[in-house]
Amino acid sequence: MALRCGIVGLPNVGKSTLFNALTQAGAVAANFPFCTIEPNQGIVAVPDQRLDELCRLVKPRQHTPATLEVVDIAGLVKGASKGEGLGNQFLDHIRNVQAIIHVLRCFDHEQVVHVDGRVDPVRDKEVVDLELMLRDLEIVNRRLELLERAVRLGKKELKQQHELLCACAQHLQSGQPVRTLNREPASRRYLSELNLLTDKPVLYVCNVAENDACAGNAHVERVRPLIEAEQAEMLILSAALEAEIVRLEEERDRYEFLQGAGLSEPALPRLIRAAYRLLKYQTFFTIGPKEVRAWTVTEGTTAPEAAGIIHSDFERGFIRAEVIAYDDFIALGSEAACRQSGKLRIEGKDYVVQDGDIIHFLFHV
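Residues numbered from 1 in each chain as written. Predicted model: local features only at pLDDT ≥ 70, side-chain atom pairs only at ≥ 80, totals over all residues. Heavy atoms only, no water.

## What to know about the side chain of Ser16
Within the secondary structure layout, Ser16 lies in helix H1 (residues 15-23). Of the polar contacts made by the side chain of Ser16, one reaches the side chain of Asp72; its length is 2.6 Å. (Helix = DSSP H or I, 4+ residues; strand = E, 2+ residues; numbered from the N terminus. Polar contact = N/O pair within 3.5 Å; in protein donor to acceptor, adjacent residues only side chain to side chain.)

Structure follows, in structure tokens:
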């Protein structure tokens, strides 16, 4: 499954600049609100050194990395939940992503206007959070009206859902996103069907000036406690600096540029690692002379479910899985060597896939 992230934030915080740096898509980034109207979309390969190492050993005819889809969504303004600015479009576009990359402006620049006249990432975060919560509250209240009628008619099986949504409404009214609401696993499944905006995991990107890309600045420190209180992921980067790096054609020039800025790697791998942690994603591999490929699954995925990501027939007719741990394969150098030394395991339907597993599925339809 491809990871789909939406880049959100107020206008002129660096969303499109970050989008271009991640995807090299050349989306318009300008110094005025609502430069982005329709969402820009780009697909990037997930950097994974393990895939490179497997290709070095297997020497396949082709290789296919996991992918990340990035969506640059129009800037939000106060009142978006009531249709202000591009509010309704903005909120609908967020509904279609799995995770939110919330860009906070943490840089001062006289020539880059701020919609509220002054840089304040705490206020900016509160504006976006409030609009998302108001839209969720509208959805929850609408669903509550339907459930209240059903409960009055004696449909006791819906009472639990009604109680959950009442707790959800109270949580939103207190200014808390749905993702911070304590709930049972069964409740999570029901709420996920509502696709609430504040139930989506958030990666906060503090967009700083080039000189602050390593250590951050006072703006970052002001917003940090709020992000930590949510137990959310936070990334500090300079979108402008990253955009400059991707313009360099030679890998050596990019490396030297990074070193000069005091950075060890560009933003994309760091962002993907943070997004994978947020969504509890992990990777398994399939290998062969034709192709070495990386596949993305969530933690806790069973072998038949992982097989189904490749093809529904694989899951339906699953017999067993032949599994080799990545480290064992690298140490021994081939599937034959792993089989001979007992490092290839036979796993059944209850096996839970581990990050880095190399799997061959046997099935019958």
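The discussion continues.
## Some points on helix H8 (residues 239-247)
Taken together, the buried positions of H8 are occupied by Ala239, Leu241, Glu242, Ala243, Ile245 and Val246. Where H8 is buried, its residues meet H1, strand S6 (202-207), strand S7 (233-237), helix H9 (251-260) and helix H10 (267-279). (Buried < 20%, exposed > 50% of the residue type's maximum accessible area, 1.4 Å probe, protein only. Contact = heavy atoms within 4.5 Å.)

## Structural notes on the confidence of the model for the chain
Overall, the prediction assigns the chain a mean pLDDT of 86, with 88% of residues at 70 or greater. No element of the chain has a lower mean pLDDT than helix H3 (residues 87-94), which averages 66, and none a higher one than helix H13 (residues 326-332), which averages 98. Confidence over residues 25-37 falls short of pLDDT 50; this stretch has 37 contacts with residues more than four positions distant or in other chains. Below pLDDT 50 for its whole length, residues 83-87 participates in 11 contacts with residues either more than four positions away or in separate chains. (pLDDT = per-residue confidence, 0-100.)

## Thoughts on the layout of surface pockets
Of the volumes computed, that of the largest pocket is approximately 1300 Å³. Contributing to the lining of the largest pocket are 42 residues, with Arg179, Arg183, Asp199, Lys200 and Pro201 lying nearest its centre. Listed by contribution, the elements that provide at least two residues to the lining of the largest pocket are strand S5 (99-105), helix H4 (121-152), helix H6 (185-194), S6, helix H7 (218-229) and H10. In terms of residue count, the dominant contributor to the lining of the largest pocket is H4 (six residues). Looking at the lining of the largest pocket residue by residue, the classes come out as 19 nonpolar, 11 polar and 12 charged. (1 Å grid on protein atoms, 1.4 Å probe; cavity = no way out; pocket = protein on both sides within 12 Å on 5 of 7 lines; lining within 4 Å. Points joined across faces, edges and corners; volume = space filled by probe spheres on them. Nonpolar A, V, L, I, M, F, W, Y, C, P; charged D, E, K, R; others polar.)

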